[in-house]
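What follows is the residue order along each chain.
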Amino acid sequence: MKMYQLTSCVGVSTGAAVVQGNRPQPGQPTQQQKDDGAEVYLLKVARSKGGHLVATSLSDYTVRVYQHDAGGDNLCCSVRAHEGPVTDVLFPFHQGSLVNIMMTASEDGSVKTWDLSNAQQARCINTVVCDGRRSPVWSISVSNSGELLAASSQHGVLIWKKAGTTVDTSGLNSFKWKKIVALEESFCDIVTQVLFHPYHYSSLGSQEPLVLTACGEDGLVCVFDLNKGTDEDDNLLGVLNVGRSIASVGFFGEMHGQKECNFLWCRTNDETFQVWNWTNQGLLVAGSRQHFSIKVDYFLDCHWDVHQYELNLVVGTNEGSIFIFALDDTQNLQQPQPRLKGALNGGHQGVVRWIESSSAPSDYLTCGEDGKLCSWRPQTKEEAARGGHHQQHHQHHQQQQQHGLASRAQGNSMRNARRFKPY
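Below, the structure is looked at part by part. (Residues numbered from 1 in each chain as written. Predicted model: local features only at pLDDT ≥ 70, side-chain atom pairs only at ≥ 80, totals over all residues. Heavy atoms only, no water.)

**Quick notes on the side chain of S288**
Argument step 1. Examined against the element boundaries, S288 turns out to sit in strand β21 (residues 282-288).
Argument step 2. Using a relative accessible area of 15% as the deciding quantity, one classes S288 as buried.
Argument step 3. A distance of 2.8 Å separates polar atoms of two side chains, one belonging to S288 and the other to Q290.
Argument step 4. Setting aside residues up to four positions removed in sequence, S288 forms contacts with E271, T272, F273 and F299. (Helix = DSSP H or I, 4+ residues; strand = E, 2+ residues; numbered from the N terminus. Buried < 20%, exposed > 50% of the residue type's maximum accessible area, 1.4 Å probe, protein only. Polar contact = N/O pair within 3.5 Å; in protein donor to acceptor, adjacent residues only side chain to side chain. Contact = heavy atoms within 4.5 Å.)

What follows is the structure, encoded as structure tokens:
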């Protein structure tokens, strides 16, 4: 098993100690807003292409941007991004000056584009509103060509096309998005996530596929090819019936230079996972917490190991431990046997909300309900040998300290049905 070393840990400074507890209900003021000094959660972390900028969304409606390097994470700026909980944050572009563009979504019904060319001052350069009802936006995704923006909402998926990009006299970018289509007939409930295929670079209207997937609380994963036509009946490639409220999905499966990514993993809101072949709507694996060799309180994420050609399942405990398992056999539908391959311990003291794995396995970023942003790298053999005994003693002492806190949290579990809102 590979152990990961905590290289940096940044806490949210609120004028008081960060404490553990349940996430505020969507739309409700956080404790920090009530008395200016209590708990603030980190909900999600995103990394720019190249990794020099890191952004985190907070439960107090703000986004913080950090300069990320070997020396740690240094705060560049903090901005109150929205008038409601920030549900998503990402760096959608991968080249040129656009790598400094950040996008955020919120329960206030808007999607905002930010220019971080001057990382000390985030500048909002565009705002789009989903609809007149100000329906919450739960997730956003940008196509690899940078041409299309998709957002999931209460009623379906909305898609915009980039109408123009300009640079003003100060050298900062300006964006315009034009709404072109709404996919609403395929969904019966809230759409929790939307995601473009990671290796489809075609433009809208070309002969090449442009695949988009979306999942929701109705237990369905819908897969579209937007280049099959504007009619929803024409561009719907297939529907996967997961049968449970879905929290998130992801494409995977690139091997030996082949980048079709014909598989999808699904993580559900009641802590189960499934693996599908989306090209033929075939279910390959269905598992739950009971299939793991250790105590698992929740599923955190999945990501594909492009070096080992295996799907990694990331799980966590309420006390802050994170474990990485490999799913070796994606054909064992009834009895999946995840193999423990990594652990990230000693950084968090509460539920971890997000793990950023774009640089895995050499680098991970995590954030959680203890208000911490943590950076991790693999331990060297010397570090593992030197720190193994000390780490075991420290973890045992830490678990004893947290036992009372975890016990008090029972009956009002942090990992409740509201945990995934924002998703």
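**Section: the sheet that holds strand β9 (residues 123-129)**
Argument step 1. If you trace the four strands from one edge of the open sheet to the other, you get β6-β7-β8-β9, paired in antiparallel fashion. Unpaired on one side and paired on the other, β6 (86-90) and β9 mark the two borders of the sheet. The sheet shows a mean angle of 20° between the axes of neighbouring strands, direction not considered.
Argument step 2. Taken together, the six bridges between strand β8 (residues 110-115) and β9 define a ladder with antiparallel strand orientation. Residue pairing for β9: V111 is matched across the bridge by V128. (Pairing = 2+ DSSP bridges. Axes fitted to C-alpha atoms, helices over the stretch in contact; angles between N-to-C directions.)

**Some words on unusual backbone geometry**
Argument step 1. Cis geometry is found at the peptide bond from A360 to P361, where omega equals 5°.
Argument step 2. Counting through the fold element by element, P361 comes out in the loop between β26 (352-356) and β27 (364-368).
Argument step 3. The backbone of E271 sits at a positive phi, close to 65°, despite the residue not being glycine.
Argument step 4. On the secondary structure map, E271 appears in the loop between β19 (263-268) and β20 (272-277).
Argument step 5. Located in the positive-phi region is Q281, a residue other than glycine, with phi close to 55°.
Argument step 6. Relative to the assigned elements, Q281 resides in the loop between β20 and β21.
Argument step 7. Since its relative accessible area comes to 33%, Q281 is described here as partly exposed.

**Considering the packing of aromatic side chains**
Argument step 1. Under the counting rule described, the total for this entry stands at nine aromatic pairs.
Argument step 2. Ring geometry for F273 and F299: centres 5.4 Å apart, planes at 70°, overall edge-to-face. One end of the pair, F273, is in strand β20; the other, F299, is in strand β22 (residues 298-305), and 26 residues separate them in sequence.
Argument step 3. Overall, F273 belongs to the buried group, its relative accessible area being 2%.
Argument step 4. Chaining the aromatic ring pairs together yields one cluster made of F273, F292, F299 and F325. (Phe/Tyr/Trp six-rings, centres within 6.5 Å; stacked < 30°, edge-to-face > 60°.)

**Description of the sheet that holds strand β25 (residues 339-344)**
Argument step 1. If you walk across this open sheet you meet the eight strands as β22-β23-β24-β25-β1-β28-β27-β26, and the pairing is mixed. Of all the strands in the sheet, just β22 and β26 have a single pairing partner and so form its edges. In this sheet, neighbouring strand axes are inclined to one another by 25° on average, regardless of whether the strands run parallel or antiparallel.
Argument step 2. Both β26 and β27 contribute to a ladder of four bridges, which runs antiparallel. Following the sheet pairing, W354 is matched in β27 by C367.

**What about the state of the cysteines?**
Argument step 1. Enumeration over the complete set of coordinates arrives at zero disulfides.
Argument step 2. Between C367, a cysteine without a disulfide, and C374, which holds the nearest cysteine sulfur, the sulfur-to-sulfur distance is 9.1 Å. (Disulfide = S-S within 2.5 Å.)

**Focus: the side chain of E310**
Argument step 1. By the secondary structure assignment, E310 is in strand β23 (residues 310-316).
Argument step 2. Looking at E310, the relative accessible area reads 8%, which means it is buried.
Argument step 3. Separated by 2.8 Å, the side chains of E310 and R339 make a polar contact.

**What to know about the pattern of salt bridges**
Argument step 1. The full count for this structure, using the stated rule, is 13 salt bridges.
Argument step 2. K341 serves as the salt-bridge partner of E310, at 2.7 Å between the closest nitrogen and oxygen. With E310 in strand β23 and K341 in strand β25, the pair connects residues that are 31 residues apart, well separated along the chain. Residue E310 shares its accessibility class with K341, and that shared class is buried.
Argument step 3. Residues R353 and E369 are paired through a salt bridge, measuring 2.9 Å at the closest nitrogen-oxygen approach. With R353 in strand β26 and E369 in the loop between β27 and β28 (372-378), this pair connects stretches of sequence that are 16 residues apart. Taken individually, R353 and E369 each receive the classification buried, so the pair is uniform in this respect.
Argument step 4. Salt bridges linked by common partners bring D305, E310, R339 and K341 together as one network. (Salt bridge = Lys/Arg side-chain N within 4 Å of Asp/Glu carboxyl O.)

**Observations concerning the pairing of strand β16 (residues 220-225)**
Argument step 1. Extensive coverage of β16 is indicated by the burial of six of its six residues.
Argument step 2. The alternating pattern of β16 places L220, C222 and F224 on one face and V221, V223 and D225 on the opposite face, and all of these are buried.
Argument step 3. As judged from the five bridges shared by strand β15 (residues 211-216) and β16, these two strands associate in the antiparallel manner. What sits directly across from V211, in β16, is D225.

**Considerations on the pairing of strand β18 (residues 246-252)**
Argument step 1. With seven of seven residues buried, β18 is to be regarded as a mostly interior element.
Argument step 2. Here six bridges tie β18 to β19, and the two strands are oriented antiparallel to one another. What sits directly across from G250, in β19, is W265.

**Some remarks on the environment of C77**
Argument step 1. Here C77 is to be found in strand β5 (residues 72-80).
Argument step 2. Overall, the relative accessible area of 7% leaves C77 in the buried class.
Argument step 3. As for C77 and V63, which are separated by 14 residues in sequence, their C-alpha atoms are 8.5 Å apart.

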